Amino acid sequence: KYGIDDRLRDRLERALASRQSTFADDMRSLHEILAGARSPPGLLSVKLREMEEGTFAPKGGGKGGPRGGGGPSRPEVLDLCDKYGIDDRLRDRLERALASRQSTFADDMRSLHEILAGARSPPGLLSVKLREMEEGTFAPKGGGKGGPRGGGGPSRPEVLDLCDKYGIDDR
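Just so you know, these numbers come straight off a predicted model, no measurement behind them.

All right, on to helix α3 (residues 40–53) then. In a regular helix each residue adds 1.5 Å, so 14 residues correspond to 20 Å; α3 covers 20 Å between its end C-alpha atoms and thus fits that length. Here α3 has its buried residues at P40, L44, K47, L48 and M51. Looking straight down α3, one finds its buried side chains confined to an arc of 105°; they lie on one side. Close packing links the buried residues of α3 with α1 (6–17) and α2 (23–35). Phi for G54, located one or two positions after α3, is positive at around 80°.

So, in structure tokens, the structure goes:
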């Protein structure tokens, strides 16, 4: 689209690989910058040097700008956001949070799917979970659903009634 050769494309891929936490904002910003450039390859080279030196700052990126444009860095994030009606603002926040938790990405995604599946307001609950991720207190849940409150345990009368109703024993 902008006449970028293979050498510049490879350099761009390397630069962006080291900037996972700002990937969506970087892509959005580069698209805006290159769209108005007289020489997109020349300007891209300048912006890549800024990335390599750590001085590149994405333009705009959020409030008041057009919706969409950057896209998620991982399809799993887009799938989760589509499934639970998560808006672009929360999606960007989720991407940034997950980028700082690369080693637990798969567990985090599984846990978020389980948690959001039972939520009355998935975007509201995701906002709470994102705050936990940002504060470092989020812990992915293990295999089960857990229930809406998480604290009651099997002695709650409602749980016991359901177990009796459906013939579930306590093994």
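Before going further, it helps to examine the environment of R101. Of note, R101 is situated in the loop between α5 (88–99) and α6 (105–117). Judged by its relative accessible area of 14%, R101 falls in the buried class. In the structure, R101 is positioned 33 residues away from E134 in sequence and 9.9 Å away in space, judged by C-alpha atoms. Beyond its immediate chain neighbours, meaning those up to four positions away, R101 contacts D108, M133, F138 and P140.

Turning our attention to the confidence of the model for the protein. Here the protein averages 76 in pLDDT, while 74% of its residues score no lower than 70. Mean pLDDT across the secondary structure elements of the protein bottoms out at helix α8 (residues 157–166), with 57, and peaks at α6, with 92. Residue range residues 61–72 is modelled with pLDDT below 50. Its contacts to residues more than four positions away, or to other chains, number 17 contacts. The model gives residues 143–155 a pLDDT under 50, and that stretch makes eight contacts with residues more than four places away or in other chains.

How each quantity is defined
Throughout, residues of each chain are indexed from 1 in the direction in which the sequence is written. The predicted origin of the model limits local features to residues at a pLDDT of at least 70 and limits the giving and counting of side-chain atom pairs to 80 or more, whereas totals for whole chains, interfaces and linings rest on all residues. With hydrogens and water stripped out, all remaining heavy atoms of the structure feed into the side-chain values. Under the scheme used here, helices are H or I runs from DSSP no shorter than 4 residues and strands are E runs no shorter than 2 residues, and both carry numbers assigned from the N terminus. An expected span of 1.5 Å times one less than the residue number is assigned to each helix. Between buried and exposed lies partly exposed: a residue is buried under 20% and exposed over 50% of the maximum accessible area for its type, with that area taken using a 1.4 Å probe on protein chains only. Each direction from the helix axis to a C-beta atom contributes to the arc, which is the arc of those directions. Note on definitions: a residue-residue contact is assigned when non-hydrogen atoms from the two residues lie within 4.5 Å. Every residue is assigned a pLDDT by the predictor, reflecting its confidence on a scale from 0 to 100.

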